[in-house]
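# Coordinates in review
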Amino acid sequence: MTTQNYILYRTAAFMYQPGYAYTQGATPFVPAAQVSSPVGAVVGTQQMASLTGVTAPDGFAYALDADGRYPPGSIYTPSTEYTLSGNSAATAGTALTLTLTPDNDGPGTDTTVTLSDGNAGGTFSADTVTFNGCTNTARTVTYTPKAAGSVTISATNTGGLTNPASLSVAVAAATA
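Predicted model only: the values in this text are computed from it and were never measured.

Criteria and thresholds
Residues numbered from 1 in each chain as written. Predicted model: local features only at pLDDT ≥ 70, side-chain atom pairs only at ≥ 80, totals over all residues. Heavy atoms only, no water. Helix = DSSP H or I, 4+ residues; strand = E, 2+ residues; numbered from the N terminus. Rg over C-alpha atoms; globule rule 2.2 N^0.38 Å. Buried < 20%, exposed > 50% of the residue type's maximum accessible area, 1.4 Å probe, protein only. Contact = heavy atoms within 4.5 Å. Patch = residues over 30% accessible without salt bridge, like charges linked within 9 Å, V, L, I, M, F, W, Y side chains within 5 Å. Areas by Shrake-Rupley, 256 points an atom, 1.4 Å probe, with all protein chains shown as cover. Salt bridge = Lys/Arg side-chain N within 4 Å of Asp/Glu carboxyl O. Polar contact = N/O pair within 3.5 Å; in protein donor to acceptor, adjacent residues only side chain to side chain. Phe/Tyr/Trp six-rings, centres within 6.5 Å; stacked < 30°, edge-to-face > 60°. Core = buried A, V, L, I, M, F, W, Y, C linked by side-chain atoms within 4.5 Å.

### With respect to the overall build of the protein
- Each helix and strand counted, the protein has 0 helices and 14 strands in total.
- Start at the N end of the protein and walk to the C end: the helices and strands fall as β-β-β-β-β-β-β-β-β-β-β-β-β-β.
- On C-alpha atoms alone, the protein measures out to a radius of gyration of 23 Å, which is more than a quarter above the 16 Å that the 2.2 N^0.38 rule sets for 176 residues.
- Within the span of the protein, comprising 176 residues, buried residues form 31% of the whole.
- Pairs at least 24 residues apart make up 68% of the contacts formed inside the protein by residues separated by at least 6 positions.

Put into structure tokens, the structure is as follows:
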């Protein structure tokens, strides 16, 4: 059985209310609540084969940290979305570079992104890319449009991230 490093981090801040004292008849000053441990604080690491059957306590979540980048005491902010960028003009038969980038510190688990050109007939160097858990590394692929016209490139993912807006590409005919 292969194990991987998972972190347990806070999804809700841990707060406390400082005590206060006052004399009878005086109006007490009640101090504001204090944050003892903020959202995103990593409180522990654990080696596990998977999260199957594992439930995090209220106010916490697990994230796959295969590279061990988040020790206890560090802050991890999970991705909520990712971007798709590339040139909006291309030439038929010529590769165009596309970049996919997760926000924040990366998704909480390995997340597969699938690309599509809406059946326009072009080819991707890879039609899927994977964002590794707790890693916000951009991934690049190339797209080679088949023919002149307008192509819409879209992306969907398996990790529950908000998908980016589609990329519209105006494709010029190849020169002879």
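### Describing unusual backbone geometry
- At asparagine 104, a residue that is not glycine, the phi angle is positive and equals roughly 50 degrees.
- Summarising the element assignment, asparagine 104 is placed in the loop between β8 (96-102) and β9 (111-116).
- Judged by its relative accessible area of 36%, asparagine 104 is partly exposed.
- For cysteine 134, which is not a glycine, the phi torsion comes out positive at approximately 60 degrees.
- Note on placement: cysteine 134 falls in the loop between β11 (128-131) and β12 (139-144).
- Classification of cysteine 134 as buried rests on a relative accessible area of 0%.

### Looking at a nonpolar patch on the surface
- A grouping of Tyr20, Tyr22 and Val30 is seen on the molecular surface, where their side chains present a nonpolar patch of about 320 Å² in accessible area.
- Residue placement: tyrosine 22 occurs in the loop between β2 (14-16) and β3 (34-37).

### So, the side chain of threonine 111
- Counting through the fold element by element, threonine 111 comes out in strand β9.
- In this structure the side chain of threonine 111 is engaged in a polar contact, spanning 3.0 Å, whose partner is the backbone oxygen of threonine 109.
- Excluding its chain neighbours within four sequence positions, the residues that come into contact with threonine 111 are Val129, Thr130, Phe131, Asn157, Thr158, Gly159 and Leu161.

### Quick look at the packing of aromatic side chains
- Tallied over the full model, the rule gives 5 aromatic pairs.
- With a centroid separation of 6.3 Å and an interplanar angle of 20 degrees, the aromatic rings of tyrosine 20 and tyrosine 22 are classed as stacked.
- Ring plane angle 70 degrees and centroid distance 5.3 Å describe the contact between tyrosine 70 and tyrosine 76, whose orientation is recorded as edge-to-face.
- A residue is classified by how much of its surface remains accessible, and tyrosine 70, at 8% relative accessible area, is buried.
- Judged by its relative accessible area of 0%, tyrosine 76 is buried.
- Each member of the aromatic cluster is reached from another via a ring pair, and the members are Tyr9, Tyr70 and Tyr76.

### Topic: the nonpolar core
- By size, the foremost hydrophobic cluster in this structure holds 21 residues, and its most contacted members are Leu98, Leu100 and Ile153.
- Counting only elements with at least two residues in this core, the list comes to β6 (82-86), β8, β9, β11, β12, β13 (149-157) and β14 (167-172).
- With residues near it in sequence (within four places) discarded, leucine 98 still touches Leu84, Ser85, Gly86, Phe124, Arg139, Thr140, Val141, Tyr143, Ile153 and Leu167.
- Core analysis: the second largest hydrophobic core is formed by 8 residues, Ala61, Ala63, Tyr70 and Tyr76 among them.

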